[in-house]
Amino acid sequence: MAEPFVYTANPGRVIFGEGTIARLPEEVERLGLARVLLLATPQQEADAERLADRLGDHSAGVFAGAVMHTPVEVTERAMAIVAERGVDGVVAIGGGSTIGLGKAIAYRTDLPQIVIPTTYAGSEMTPILGETSDGAKTTRSDAKILPEVVIYDVDLTMTLPAALSGTSGINAIAHAIEALYARDRNPIISLMAVEGIGALVRALPVIAADPADKAARSDALYGAWLCGSCLGAVGMALHHKLCHVLGGSFDLPHAETHTIVLPHALAYNAPAIPEVMTRLLPVLGRDPARALYDLAGAVGAKRGLRHLGMDEMAIDEAVSRAMANPYWNPRPLDAGPLRALIARAWAGDPPAA
Ligand code: NAD
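Residues numbered from 1 in each chain as written. Predicted model: local features only at pLDDT ≥ 70, side-chain atom pairs only at ≥ 80, totals over all residues. Heavy atoms only, no water.

1. Brief notes about helix 10 (residues 254-269)
Working step 1: Its 16 residues place the ends of helix 10 22 Å apart at the C-alpha level, agreeing with the 22 Å of an ideal helix rising 1.5 Å per residue.
Working step 2: Along helix 10, the sharpest kink reaches roughly 40 degrees, centred on V261 and followed within four residues by the proline P263. (Helix = DSSP H or I, 4+ residues; strand = E, 2+ residues; numbered from the N terminus. Expected span 1.5 Å × (residues − 1). Bend = angle between axes of the 7 residues up to and from the residue.)

2. Notes on the domain arrangement of the protein chain
Working step 1: Per the domain assignment, the segments of the protein chain are domain 1 (13-157) and domain 2 (162-347).
Working step 2: Domain 1 and domain 2 are separated by 26 Å when their C-alpha centres are compared.
Working step 3: Each side of the interface is counted separately: domain 1 has 20 residues, and domain 2 has 23 residues.
Working step 4: Buried surface at the junction of domain 1 and domain 2, summed over both partners, amounts to about 1,800 Å²; 67% is from carbon and sulfur atoms. (Domains from an automatic or database assignment. Contact = heavy atoms within 4.5 Å. Buried area = accessible area lost by both parts, 1.4 Å probe.)

3. Some details on the pairing of strand 5 (residues 113-117)
Working step 1: With five of five residues buried, strand 5 is to be regarded as a mostly interior element.
Working step 2: The alternating pattern of strand 5 places Q113, V115 and P117 on one face and I114 and I116 on the opposite face, and all of these are buried.
Working step 3: Where strand 4 (residues 89-94) lies against strand 5, five bridges are found, and the strand directions are parallel. Bridge pairing in strand 5 places G94 opposite P117.
Working step 4: Regarding topology, helix 4 (residues 96-109) serves as the crossover connection from strand 4 to the parallel strand 5, and that connection is right-handed.
Working step 5: Strand direction decides the pairing type here: strand 5 and strand 8 (residues 149-153), joined by two bridges, are parallel. Bridged to I114 within strand 8 is V149. (Buried < 20%, exposed > 50% of the residue type's maximum accessible area, 1.4 Å probe, protein only. Pairing = 2+ DSSP bridges. Right-handed = clockwise from strand over helix to strand, strands pointing away.)

4. Some details on the packing of helix 10 against helix 12 (residues 288-298)
Working step 1: Here helix 10 crosses helix 12 at 170 degrees, and the two axes come no closer than 8 Å. Put simply, helix 10 runs roughly antiparallel to helix 12. Residues T259, L262, P263, L266 and A267 of helix 10 pack against P288, A289, L292, Y293 and A296 of helix 12.
Working step 2: The class makeup of the residues in the contact of helix 10 with helix 12 is nine nonpolar, one polar and no charged. (Axes fitted to C-alpha atoms, helices over the stretch in contact; angles between N-to-C directions. Parallel < 35°, antiparallel > 145°, perpendicular 65-115°, else oblique. Nonpolar A, V, L, I, M, F, W, Y, C, P; charged D, E, K, R; others polar.)

5. A few points about the sheet that holds strand 3 (residues 59-63)
Working step 1: The strand order across the open sheet built from six strands is 1-8-5-4-2-3, with neighbouring strands paired in parallel fashion. Unpaired on one side and paired on the other, strand 1 (13-17) and strand 3 mark the two borders of the sheet. Across the sheet, the mean angle from the axis of one strand to that of its neighbour is 15 degrees, orientation sign disregarded.
Working step 2: Its contacts with the sheet place helix 2 (residues 45-55) against strand 2 (36-39), strand 3, strand 4 and strand 5, and it is angled at close to 180 degrees to strand 3.
Working step 3: Packing against the sheet, helix 4 makes contact with strand 2, strand 3, strand 4 and strand 5, and its axis sits at approximately 165 degrees to strand 4.

6. Comments concerning the environment of Y268
Working step 1: Here Y268 shows up in helix 10.
Working step 2: You can call Y268 buried: its relative accessible area is 4%.
Working step 3: Along the backbone, Y268 and P351 are 83 residues apart, and their C-alpha atoms lie at a distance of 8.6 Å.
Working step 4: With residues near it in sequence (within four places) discarded, Y268 still touches L238, N329, R331, P332, L333, D334, P337, L338 and L341.
Working step 5: Polar contacts involving the side chain of Y268 include one to the main-chain carbonyl oxygen of P332, which spans 2.8 Å. (Polar contact = N/O pair within 3.5 Å; in protein donor to acceptor, adjacent residues only side chain to side chain.)

7. Description of the pattern of salt bridges
A side chain with one charge may pair with a side chain of the opposite charge, provided their charged atoms come close.
Working step 1: Under the defined criterion, the tally for this structure stands at 11 salt bridges.
Working step 2: A salt bridge links D47 to R50; the nearest nitrogen and oxygen atoms lie 2.7 Å apart. With D47 and R50 both in helix 2, this residue pair falls three residues apart, about one helical turn.
Working step 3: What makes D47 partly exposed here is its relative accessible area of 23%.
Working step 4: Across the pair R140 and E131 runs a salt bridge whose closest N-O atoms are separated by 2.8 Å. (Salt bridge = Lys/Arg side-chain N within 4 Å of Asp/Glu carboxyl O.)

8. Structural notes on the site of the ligand
Working step 1: Every one of the 22 residues lining the ligand counts as a neighbour, but T41, S97, T118, T119 and T126 are closest to it.
Working step 2: A distance of 2.7 Å separates an oxygen atom of the ligand from a polar side-chain atom of T119.
Working step 3: Here T159 contributes a side-chain N or O atom positioned 2.8 Å from a nitrogen atom of the ligand.
Working step 4: Summarising the interface, the protein chains cover 84% of the accessible area of the ligand, which totals 860 Å² for the free molecule.
Working step 5: For the shell around the ligand, the element with the highest residue contribution is helix 4, accounting for three residues.
Working step 6: Of the residues belonging to the shell around the ligand, the class tally is seven nonpolar, 13 polar and two charged.
Working step 7: Structurally, the shell around the ligand is a two-domain feature, drawing no fewer than three residues from each of domain 1 (13-157) and domain 2 (162-347). (Near = heavy atom within 4 Å. Areas by Shrake-Rupley, 256 points an atom, 1.4 Å probe, with all protein chains shown as cover.)

Written out as structure tokens, the structure reads:
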């Protein structure tokens with residue numbers, strides 16, 4: 001018998017393939033934009049400059065100041081350029097950090113956004129913005145934040161370093177895992193979740209062995225789109241909360257933290273979600289939590305929070321922060337088992353059976 005559900009689709013246009021970046025000028029025209037500002041990190045400035053050349057008169061130049069965690073000071077610098085140059089749209093090329101800057105501008109101005117993702121983090125498919133001000137992170141959701149157009153070009157992901165490809169891909173899988181047991185889960189998003197996990201689980205070990213494998217890169221980006229769509233459509237639970245707490249409190253890197261925590265968060269929830277564990281069988285086998293731990297090993301990722309520089313003394317603080325603001329999770333939060341979860345993730349042990 002089908003479960004009752006409510007499904008709200010996010011609006012948006014998605015273009016996927018190889019060489020799709022060539023379609024940027026026509027997408028700018030389709031939106032009726034005359035002067036777009038191109039956004040990038042300092043590392044990807046040259047990519048943004050090439051896009052500016054393609055756009056000719058429709059380019060208002062490049063702002064290559066995007067950094068992790070979307071600090072408000074950086075957004076304010078970009079906003080000054082938006083005002084000075086009469087910018088009427090933004091084009092973000094990069095990972096979640098650059099996309100976050102584009103979203104921060106769109107939230108303040110409602111300017112249309114075209115996003116060209118080059119990692120697997122999935123921010124491009126969500127109406128969510130996380131910003132930092134004086135070291136504190138605030139997260140908000142708003143229709144203005146959701147990008148209007150997303151252009152996925154497999155060619156642009158070929159340079160994503162092998163290590164970041166693995167952790168960014170597992171970061172994407174985390175969105176889909178939590179979508180399957182979300183309180184507001186629905187049949188469309190669950191289908192996308194299983195398909196996305198399958199594509200990434202197949203592709204990531206191939207990319208780790210040969211980052212130039214085009215077919216695997218294509219599968220991974222396809223999976224990342226599906227998993228990002230899951231993140232944008234339904235609520236997340238324990239895993240995302242824990243990563244938010246750990247990343248924010250101890251300044252741990254985003255994708256690596258997700259990669260370490262995911263097997264443990266799934267093992268914690270497993271007793272409460274037997275139907276989800278069955279659903280994961282075809283893509284992750286008989287022990288999905290262990291399979292995710294093994295996948296992290298197969299892509300050469302670090303598997304203990306201690307390897308990211310977290311102090312063992314910080315485990316108790318992490319537990320109390322994770323317990324501080326109650327939130328929905330399929331298995332109720334209990335400080336004892338939660339401490340055991342974080343301790344295992346800290347040590348790099350396999351997830352609890
Ligand atoms: P990132 O954007 O910080 O990128 C990491 C580094 O890799 C950067 O230096 C970037 O320039 C470089 N890079 C990206 N793509 C590359 C490529 N193809 N080739 C070479 N170098 C490349 O990393 P991320 O993991 O994509 O994003 C993390 C951030 O995104 C976090 O701040 C996280 O909170 C946020 N995020 C937000 C959402 C959301 O829905 N709001 C979702 C996921 C992530």
